[in-house]
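# Analysis of the macromolecular model
Each chain, written out:
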Amino acid sequence: MGKILCATRGGPDSYPTQDGAIALAKERGDELVFLYVADVTFLDRTAAPVVVDVESELELMGWFQLALARERAAAAGVQAEILVRHGRLRTELAVAARQVGATLIVLGSPLGETAAFDDKSLQALAAHLQAETGVEVRIL
């Protein structure tokens, strides 16, 4: 039995990725972990108290989004763990993959104007993660 680590921002644009990870876990008999990374580096030039407030709000939002993802998995008959980390996505994905013993990392493909990455950047992230962790990275 393996362990799938699925990075997600939550919300409707993330549902196809979550559904794909859920289906993979069910098909392969793997465990599933949803990951949300609260990344406040976009606030690097903002006053420290504001950063702390935003970071705590992002963390709460992450736990909420992941609770919804876990419910979606449960409805499909898959138990899922949830994990919120703080920092840069690239770094925290690798750390989390090692921490949970991931055998597969799932990333979502860019969707519409809300996408965090374009295709080229996402492919580069996937290649970097796979090289750094030795874990297969699949873009859904």
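Parameters at a glance
Note that residues are indexed from 1 along each chain, following the sequence as it is written. The predicted origin of the model limits local features to residues at a pLDDT of at least 70 and limits the giving and counting of side-chain atom pairs to 80 or more, whereas totals for whole chains, interfaces and linings rest on all residues. Neither water nor hydrogens contribute to the side-chain values; these are computed over all heavy atoms in the structure. Going along the chain from the N terminus, every DSSP run of H or I of four or more residues is numbered as a helix, and every run of E of two or more is numbered as a strand. Here's how the labels work: a residue is buried when its accessible area is under 20% of the maximum for its type, exposed when over 50%, partly exposed in between, all with a 1.4 Å probe on protein chains only. Contacts between residues were defined by any pair of non-hydrogen atoms, one from each residue, lying within 4.5 Å. Residue exposure ignores everything except the shown protein chains as possible cover, and the areas themselves are Shrake-Rupley values with a 1.4 Å probe. Two strands make a pair as long as DSSP finds a minimum of two bridges between them. Here the axes come from fitting lines to C-alpha atoms, over the contacting stretch only for helices, and the angles between their N-to-C directions go from 0 to 180 degrees. Put simply, buried Ala, Val, Leu, Ile, Met, Phe, Trp, Tyr and Cys residues joined by side-chain atoms within 4.5 Å make one nonpolar core. What counts as a salt bridge is simple: a side-chain nitrogen of Lys or Arg found within 4 Å of a carboxyl oxygen of Asp or Glu.

### With respect to the overall build of the chain
In terms of regular secondary structure, the chain is built from 4 helices and 5 strands. If you list the helices and strands of the chain from N to C, you get β-α-β-α-β-α-β-α-β. Residues classed as buried in the chain amount to 41% of the 140 residues present. For the chain, contacts bridging at least 24 residues in sequence account for 71% of all contacts bridging at least 6. Accessible surface for the chain amounts to roughly 7,500 Å². Of this, 54% is attributable to carbon and sulfur atoms.

### A word on the sheet that holds strand 2 (residues 31–38)
An order of 3-2-1-4-5 is seen for the 5 strands of this open sheet, with the pairing classed as parallel. Each edge of the sheet is formed by a strand with only one pairing partner; in this case those strands are strand 3 (80–86) and strand 5 (136–139). Going across the sheet, the axis of each strand differs from the next one's by a mean of 25 degrees, ignoring polarity. Where strand 2 lies against strand 3, 7 bridges are found, and the strand directions are parallel. Each residue of the ladder has a partner; that of leucine 32, found in strand 3, is alanine 80. Running at roughly 140 degrees to strand 3, helix 3 (residues 89–100) makes contact with strand 1 (3–7), strand 2, strand 3 and strand 4 (104–107) of the sheet.

### Considering the nonpolar core
If you look at the biggest cluster of nonpolar residues, it comprises 21 residues, and the most contacted ones within it are Ile4, Leu32, Phe34, Ala73 and Val106. Of all the secondary structure elements, the ones that give two or more residues to this core are strand 1, helix 1 (15–28), strand 2, helix 2 (48–75), strand 3 and strand 4. Contacts of phenylalanine 34, omitting those with residues within four sequence positions, involve Cys6, Thr8, Gln18, Ile22, Leu66, Ala69, Arg70, Ala73, Ala80, Glu81, Ile82 and Leu83. Grouped together as the second largest cluster of nonpolar side chains are 20 residues, Val33, Ala94, Val100 and Ile105 included.

### Some remarks on the pattern of salt bridges
Per the counting criterion, the structure on display carries 7 salt bridges. Here aspartate 30 ties to arginine 28 by a salt bridge, and the two come within 2.8 Å at their closest N and O atoms. Looking at aspartate 30, the relative accessible area reads 10%, which means it is buried. Arginine 28 sits in the partly exposed class, given a relative accessible area of 34%. Ionic pairing is found between arginine 85 and glutamate 92, a salt bridge with its closest N-O pair at 2.6 Å. When sorted by exposure, arginine 85 lands in the same class as glutamate 92, which is buried. Each of the salt bridges in this network shares a partner with another, and the network as a whole consists of Lys3, Glu31 and Glu81.

### Examining the environment of serine 56
Its location among the elements puts serine 56 in helix 2. Each C-alpha atom, one on serine 56 and one on alanine 38, is 8.7 Å from the other, the two residues being 18 residues apart in sequence.

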